[in-house]
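Coordinates in review
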Amino acid sequence: MAPKQPNTGLFVGLNKGYIVTKKELPPHPVDRIGKTSKRVHFVRTVIREVAGFAPYEKRITELLKVGKDKRALKVAKRKLGTHKRAKKKREEMSNALRKSRAPGGGEKKK
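Read on for an overview of the structure. Source: prediction; values computed, not measured.

Moving on, we come to the layout of surface pockets. In this structure, the second largest pocket encloses a volume near 250 Å³. Taken together, R44, I47, R48, G52, K88, K89 and E92 make up the lining of the second largest pocket. The set of elements that each furnish at least two residues to the lining of the second largest pocket consists of α1 (38-51) and α4 (83-101). In terms of residue class, the lining of the second largest pocket is built from one nonpolar, one polar and five charged.

Here is the structure:
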């Protein structure tokens, strides 16, 4: 759909209507819904480091290692309930796998 043309000031025609200036509104709290704060992100990463992965997440990573992406998606869907959540989890697990395979990105050895 094309962007709306400005009003002409006439009361007939395609762009009829009184000419007004758009009011600049302040940002509303509802605009921030769904955005994680720095603190929440930090807490979640610490918990992930300490607790590790859940058993079903470990199974998904194993399936991804052997190249069974579709089976990994099915396992995730079964555990999480929706296709969208399963796709997100599969992507998260593949990123974690990629990060662990990267040089210097895996477990810290002492």
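From this point, the discussion proceeds with the structure in view.
Take a nonpolar patch on the surface next. The grouping of F42, V43, V46, I47 and V50 at the surface amounts to a nonpolar patch, some 470 Å² of accessible area in total. Tracing the backbone through its elements, the reader meets V50 in helix α1.

On to the packing of helix α3 (residues 69-80) against α4, then. Where α3 meets α4, the closest approach of the two axes is 8 Å, and the angle between their N-to-C directions is 125°. By the angle between their directions, the pair α3 and α4 is classed as oblique. As for how α3 packs across α4, the hand of that crossing is right-handed. For the pair α3 and α4, contact is made by D69, L73, A76, K77 and L80 and by H83, R85, A86, K87, K89 and R90, respectively. Its residues placed into classes, the contact of α3 with α4 shows four nonpolar, one polar and six charged.

What counts, and where the lines are drawn
- In this numbering scheme, every chain counts its residues from 1 along its sequence in written order.
- pLDDT decides what is reported in this predicted model: residues at 70 or higher carry local features, side-chain atom pairs at 80 or more are listed and counted, and totals for whole chains, interfaces and linings draw on all residues regardless.
- To get the side-chain values, take all heavy atoms of the structure and skip hydrogens and water.
- Only protein atoms enter the calculation, which uses a 1 Å grid: trapped sets of points that fit a 1.4 Å probe without letting it out are cavities, open sets showing protein on both sides within 12 Å along at least five of seven lines are pockets, and any residue with an atom within 4 Å of a point is a lining residue.
- Grid points are joined across faces, edges and corners, and a volume is the space filled by probe spheres set on the points.
- Secondary structure elements follow DSSP: runs of H or I no shorter than four residues count as helices, runs of E no shorter than two count as strands, and numbering proceeds from the N terminus.
- Note that Gly is not counted as nonpolar here; it falls among the polar residues with everything else outside the nonpolar set of Ala, Val, Leu, Ile, Met, Phe, Trp, Tyr, Cys and Pro and the charged set of Asp, Glu, Lys and Arg.
- Patch members must show over 30% relative accessible area and no salt bridge, and they are joined within 9 Å when carrying like charges or within 5 Å when they are nonpolar side chains of Val, Leu, Ile, Met, Phe, Trp or Tyr.
- Using a 1.4 Å probe, accessible areas were evaluated by the Shrake-Rupley method; residue-level cover was limited to the displayed protein chains.
- We define a salt bridge as a contact between a side-chain nitrogen of Lys or Arg and a carboxyl oxygen of Asp or Glu at a distance within 4 Å.
- Axis angles are defined between N-to-C directions and span 0 to 180 degrees, where every axis is a line fitted to C-alpha atoms and, for a helix, only to the segment in contact.
- Reported orientations rely on four angle classes, namely roughly parallel under 35 degrees, roughly antiparallel over 145, roughly perpendicular from 65 to 115, and oblique for the rest.
- The crossing is said to be left-handed when, going from far helix to near helix, the turn is anticlockwise and less than a right angle, and right-handed when the turn is clockwise.
- Only heavy atoms matter for contacts: two residues are in contact if any of them lie within 4.5 Å across the pair.

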